[in-house]
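Examining the three-dimensional arrangement
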Amino acid sequence: MLAIAALALAAGCAHLPACPGRGGPRWNEWSSPHFRLLTDVQDEGDAETLATQLEYFRAAIVAAAWRDVPEAREPIEVAVLASTNEADVFLPPHWEGLFFSYLGTGIVVAPATTQVERENVLKHEIVHALMRQLDLDRNAPLWFREGMAMYLAMTSYEENSVEV
């Protein structure tokens, strides 16, 4: 009984807000050549900047790790949730982000935390998505996949130059 009560209380801590039709936050969609961003972040400027940053992140990671990357058939879907409470519904405990492949498309889930934390989480998950698109993760051990994601998430770029 104690375990059931603890699960019930834990489930009550993480929840999604109401849908937009019932007064919840409005969702925005931004598309770019390699990504489809879905977010309930209310600052449209922040959401648009994030969509542009995803392309920069991808370009920097590809330049640092792989020279000739074939174009993907489908864009990587990225869901950036406005709060960590929303993200907790989808993420296992103590995880900051998540990538999973579903029916041929990759989906990244991350909370809109501070900009630096969000950038690191998104770059890490984009590496997983790129490894999936390039079929580099099928037989790779977990330590290799996570090591690549951690290493390449440190990739940085200068927006005003071509420096990676």
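Over its 22 residues, helix α2 (residues 44-65) runs 32 Å from end to end, which matches the ideal 32 Å to within 8%, given 1.5 Å per residue. Among the residues of α2, those classed as buried are A47, L50, A51, Q53, L54, E55, F57, R58, A60, I61 and V62.

Here we come to the confidence of the model for the protein chain. The pLDDT averaged across the protein chain works out to 76; a share of 77% of its residues lies at or above 70. Within the protein chain, helix α5 (residues 142-152) carries the highest mean pLDDT (92), whereas helix α1 (residues 2-13) carries the lowest (40). Within the model, pLDDT remains below 50 along residues 1-13, and this stretch shows zero contacts once partners closer than five positions in the same chain are excluded.

The biggest cluster of nonpolar side chains holds 28 residues, and the ones touching the most others in it are L54, V78 and L122. Listed by contribution, the elements that provide at least two residues to this core are β2 (35-39), α2, β3 (76-81), β5 (105-111), α4 (115-133) and α5. Here L122 is in contact with L50, L54, F57, V78, V80, V108 and A110, once residues within four sequence places are set aside. In terms of nonpolar packing, the next biggest core, distinct from the first, is built from six residues, L81, A87, L98 and I107 among them.

The rules behind these values
- Residues numbered from 1 in each chain as written.
- Predicted model: local features only at pLDDT ≥ 70, side-chain atom pairs only at ≥ 80, totals over all residues.
- Heavy atoms only, no water.
- Helix = DSSP H or I, 4+ residues; strand = E, 2+ residues; numbered from the N terminus.
- Expected span 1.5 Å × (residues − 1).
- Buried < 20%, exposed > 50% of the residue type's maximum accessible area, 1.4 Å probe, protein only.
- pLDDT = per-residue confidence, 0-100.
- Contact = heavy atoms within 4.5 Å.
- Core = buried A, V, L, I, M, F, W, Y, C linked by side-chain atoms within 4.5 Å.

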